Amino acid sequence: RSFEDGQWGAILQDKLQRRCDVVNRGHGSHGGQRGQGGQRGQGGYNSTWLKFILPDIINSEILKDVEVVSMVIFIGANDCTSPWADLHVPIETYKQNLQEIVVYLKSINLQHGRIILVTPPPVNESVISTC
């Protein structure tokens with residue numbers, strides 16, 4: 001949904017028009033179907049799954065004809081679900097997954113400074129438990 005009107009992807013695309021293309025790649029949460037405007041977002045995945053499907057989303061073949069200015073990866077909201085949830089990933093595994101994702105991206109010649117990881121904000125569980 002990041003490329004819907006008023007969302008961060010659409011705003012970024014608008015600000016950078018005629019300077020570079022803003023592309024959203026991934027697998028949609030509905031069997032990989034394309035969403036509005038031909039964009040596909042990552043939905044219903046966690047870092048463990050992303051680690052395995054990332055080569056299908058971005059690889060050296062895809063990168064051979066383009067220059068990537070930056071790559072933003074939003075991952076972790078599903079990982080930090082309740083421990084009994086299907087998508088939950090323990091924090092140590094999550095950290096390792098992020099490291100392996102960055103290592104993979106660097107292996108296909110994405111420069112370290114061009115990889116931006118956006119993770120969930122910290123949560124104060126004691127405050128949540130009082131709600």
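I will try to describe carefully the structure that is included in this document. The structure presented is a predicted model; accordingly, all values stated were derived computationally and were not measured. (Residues numbered from 1 in each chain as written. Predicted model: local features only at pLDDT ≥ 70, side-chain atom pairs only at ≥ 80, totals over all residues. Heavy atoms only, no water.)

Next up on the list: the packing of aromatic side chains. Across all of its chains, the model carries two aromatic pairs by this definition. Relative to Phe 74, the ring of Trp 8 has its centre 5.0 Å away and its plane inclined at 40°; by these criteria the two rings are tilted. A residue pair is termed long-range when its members are at least 10 positions apart, and Trp 8 in helix α1 (residues 8–15) and Phe 74 in strand β1 (residues 71–74) qualify at 66 residues. Judged by centre distance (5.8 Å) and plane angle (85°), the rings of Tyr 45 and Trp 49 are edge-to-face. (Phe/Tyr/Trp six-rings, centres within 6.5 Å; stacked < 30°, edge-to-face > 60°. Helix = DSSP H or I, 4+ residues; strand = E, 2+ residues; numbered from the N terminus.)

For the rest of this paragraph, the subject is the side chain of Asn 46. Considering the arrangement of structural elements, one finds Asn 46 in the loop between α1 and α2 (47–57). In this structure Asn 46 comes out as buried when scored by relative accessible area, which is 4%. Separated by 3.0 Å, the side chain of Asn 46 and the backbone oxygen of Leu 87 make a polar contact. Apart from the residues within four sequence positions on either side, Asn 46 is in contact with Ile 75, Asn 78, Asp 79, Leu 87 and Val 89. (Buried < 20%, exposed > 50% of the residue type's maximum accessible area, 1.4 Å probe, protein only. Polar contact = N/O pair within 3.5 Å; in protein donor to acceptor, adjacent residues only side chain to side chain. Contact = heavy atoms within 4.5 Å.)

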